[in-house]
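# Architecture and fold: a report
For reference, the chains in residue letters:
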Amino acid sequence: MELRRLRTFEAVARLGTVTAAANALGIAPSSVSEQIRVLEKSVGVLLFDRGPRGMTPTAAGERMREWAHRLLDQAEQARREVAAAAPLLRLGALESIAVTHVPSVLGRLAARRPDLRVQVVSDSDRSELLAAVVAGRLDVALLLDTGTWLGELGFEPPPAALAFVDLEPVGLALVAAPGHALGDRDRITDADLREERLLVNGASACSFRLAGDRLLGVEVERVRAGGVAVTRAWAEQGLGVALLPHFAVADQLAAGTLVRLPLDTPDLTLRLVWRPDRETLPGLREVLYAAAAPGEHAEAGAPIRAGSPQG
């Protein structure tokens with residue numbers, strides 16, 4: 001079972017079509033098709049269902065995908081060890097987290113493992129980060145979530161076994177421009193906001209937009225603004241209220257260009273996610289400790305199957 005065929009198989013399984021896999025690998029589509037046929041012949045079963053919309057792994061293909069991940073990871077680890085290369089750990093993070101939390105993580109990680117090289121990949125799309133962890137293109141990813149299971153914030157987790165550890169709470173604040181009618185209340189409820197305009201990110205999967213959906217329901221009018229910086233700026237101009245992480249509005253609250261509305265806002269959680277079969281990778285344990293808040297010690301729990309209510 002040649003590694004190049006496993007890489008081709010993984011690309012087709014991940015991207016869904018022969019053409020997309022060929023483009024990603026830089027080879028001809030006919031070569032991709034031939035490698036898949038040879039691999040299927042060698043194992044004696046069909047690995048894909050062929051349809052007009054692309055290639056979908058069969059049950060045997062899903063089992064092969066797990067083995068392909070494992071074998072390709074081991075081959076890469078063997079290459080690094082034989083080449084005596086410094087261990088490399090690939091860390092993914094949501095863009096907002098990459099700005100605020102990753103620099104301190106990298107500092108603590110450098111103190112613990114100065115020999116460890118870290119490659120950081122930031123993305124605004126949580127699903128892309130999780131897919132990269134599942135496929136082995138990332139070793140770990142930092143994202144925001146809530147609750148007991150992966151995806152309770154309101155996003156669909158990938159259908160793969162993933163482990164995670166919760167690192168620290170991330171506070172939220174409902175903010176508005178100074179002089180807002182609800183700003184002088186002692187306490188407000190979501191019912192008080194039904195005549196308000198909630199500024200949100202245009203991306204429906206934004207963590208803070210999902211948090212607003214959970215907290216306020218669907219009755220509050222949504223106005224699409226943009227990312228955190230755009231939403232904050234619109235709120236400062238009185239164009240609506242915004243639910244944002246406290247770290248993103250702390251300076252504006254201190255300066256008085258925003259006020260915090262007295263609504264109870266449950267915290268989100270900074271969550272580190274990885275594939276449990278990669279826990280032996282050099283540096284992963286150090287990342288767990290480095291990612292934890294100073295003075296705390298993160299202990300990884302049992303692997304959690306994403307999307308399963310039983311975990």
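In this text the structure is predicted, and so the values were computed from the model without any measurement. (Residues numbered from 1 in each chain as written. Predicted model: local features only at pLDDT ≥ 70, side-chain atom pairs only at ≥ 80, totals over all residues. Heavy atoms only, no water.)

## Here's the deal with the pattern of salt bridges
- Per the stated rule, a full pass over the model turns up 18 salt bridges.
- Between R222 and D213 there is a salt bridge; the shortest N-O distance is 2.8 Å.
- Overall, the relative accessible area of 34% leaves D213 in the partly exposed class.
- Linked through salt bridges whose partners overlap, the residues forming this network are D73, R90, D139, R275, D277 and R278. (Salt bridge = Lys/Arg side-chain N within 4 Å of Asp/Glu carboxyl O. Buried < 20%, exposed > 50% of the residue type's maximum accessible area, 1.4 Å probe, protein only.)

## A look at the pairing of strand β12 (residues 268–274)
- Most of β12 sits out of view: seven of its seven residues are buried.
- A two-sided burial pattern is seen for β12, the buried positions comprising L268, L270, L272 and W274 on one face and T269, R271 and V273 on the other.
- Bridge analysis of strand β5 (residues 140–145) against β12 gives six bridges, and the strand direction is antiparallel. Among the inter-strand pairings, L144 is bridged to a residue of β12, identified as L270.
- Across seven bridges, strand β6 (residues 161–170) lies against β12 in antiparallel orientation. Looking at the pairing, V170 lines up with L268 of β12. (Helix = DSSP H or I, 4+ residues; strand = E, 2+ residues; numbered from the N terminus. Pairing = 2+ DSSP bridges.)

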